[in-house]
Amino acid sequence: MVLQHGEMMEIHHSNEANPCLMCLQKLKQAHPDIAAWFKRVKAAFPTVHVAVSYRGKEDQMRAFEEHKTRLMWPMSGHNQSDSRGQPAATALDLFNLSDDGVAMFPPLYYAKIFAWCQEHKEPIKWGGNFKSLGDSDHFQLV
């Protein structure tokens, strides 16, 4: 596809690329170690995608107020920055994209991903194990 000057292309998640362009965009705001982890997971689970990588202050506070997180800004792994102040999230929220393009958030799917992580000795903690807030789509560097 060739875009004309000033024309915008709408990018959606897709199972046709590994990883897809939308995931690659989100991984640009992730710490290199969790971005590399995601690419390994993507090879094993081709329909997995990144829902959230970095969350700015406004988004984090909204998630806190909606009880989707127990952490206020800047305490979440989604709020981390590198030494230059650039986004470098150490956490990713994931989803499974069905063949018909529907985002799904099945806890059993995430449990399988975490089991794979344990089998491969990946340095990841899983939100499905959080006692205070079940967060099965959340994966974070240890």
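Right above here is the structure, for reference.
Draft legend 1. View of the packing of helix α2 (residues 32-44) against helix α4 (residues 107-119). Put simply, α2 and α4 touch, their axes get as near as 11 Å, and they point 115 degrees apart. Judged by the angle between their axes, α2 and α4 are roughly perpendicular. Crossing angle aside, the handedness with which α2 passes α4 is right-handed. Taken together, the residues of α4 that come into contact with α2 (itself represented by Trp37, Arg40, Val41 and Ala44) are Ile113, Trp116 and Cys117. Residues that form the contact of α2 with α4 fall into these classes: six nonpolar, no polar and one charged.

Draft legend 2. Layout of the environment of Met61. Here Met61 is to be found in helix α3 (residues 57-65). C-alpha of Met61 to C-alpha of Pro74: the two residues are 13 residues apart in sequence and 9.3 Å apart in space. Apart from the residues within four sequence positions on either side, Met61 is in contact with Met72 and Trp73.

Draft legend 3. Fine view of the packing of aromatic side chains. Following the criterion strictly, the structure yields eight aromatic pairs and no others. Where Phe114 meets Trp126, the ring centres are 5.4 Å apart and the plane angle is 25 degrees; that geometry is what we call stacked. In this pair, Phe114 is assigned in helix α4 and Trp126 in strand β4 (residues 124-126), connecting sequence segments twelve residues apart. When its relative accessible area of 11% is taken as the criterion, Phe114 is described as buried. Taken together, the ring pairs in this structure connect Trp37, Phe45, Tyr109, Tyr110, Phe114, Trp116, Trp126 and Phe139 into an aromatic cluster.

Draft legend 4. Region of interest: unusual backbone geometry. Here the bond from Trp73 into Pro74 is cis, since omega is 0 degrees, no more than 30 degrees from zero. Not every positive phi belongs to a glycine, and His67 is a case in point at roughly 60 degrees. Position of His67 relative to the elements: it lies in the loop between α3 and β2 (91-97). Given a relative accessible area of 64%, His67 falls into the exposed group. Of note, the phi angle at Lys121 is positive, near 55 degrees, even though the residue is not glycine. Topologically, Lys121 is positioned in the loop between α4 and β4. Judged by its relative accessible area of 73%, Lys121 is exposed.

Draft legend 5. Seen up close, the pairing of strand β5 (residues 138-141). Neither face of β5 is open: one carries His138 and Gln140, the other Phe139 and Leu141, and all of them are buried. With three bridges connecting them, β2 and β5 associate as antiparallel partners. Opposite Leu92, over in β5, you have Phe139 as the bridge partner. Where β4 meets β5, three bridges bridge the pair, whose relative direction is antiparallel. Bridge assignment links Ile124 to a residue of β5, and that residue is Leu141.

Reading guide: rules and limits
- Residues numbered from 1 in each chain as written.
- Predicted model: local features only at pLDDT ≥ 70, side-chain atom pairs only at ≥ 80, totals over all residues.
- Heavy atoms only, no water.
- Axes fitted to C-alpha atoms, helices over the stretch in contact; angles between N-to-C directions.
- Helix = DSSP H or I, 4+ residues; strand = E, 2+ residues; numbered from the N terminus.
- Parallel < 35°, antiparallel > 145°, perpendicular 65-115°, else oblique.
- Left-handed = near helix turned anticlockwise from the far one by under 90°.
- Contact = heavy atoms within 4.5 Å.
- Nonpolar A, V, L, I, M, F, W, Y, C, P; charged D, E, K, R; others polar.
- Phe/Tyr/Trp six-rings, centres within 6.5 Å; stacked < 30°, edge-to-face > 60°.
- Buried < 20%, exposed > 50% of the residue type's maximum accessible area, 1.4 Å probe, protein only.
- Pairing = 2+ DSSP bridges.

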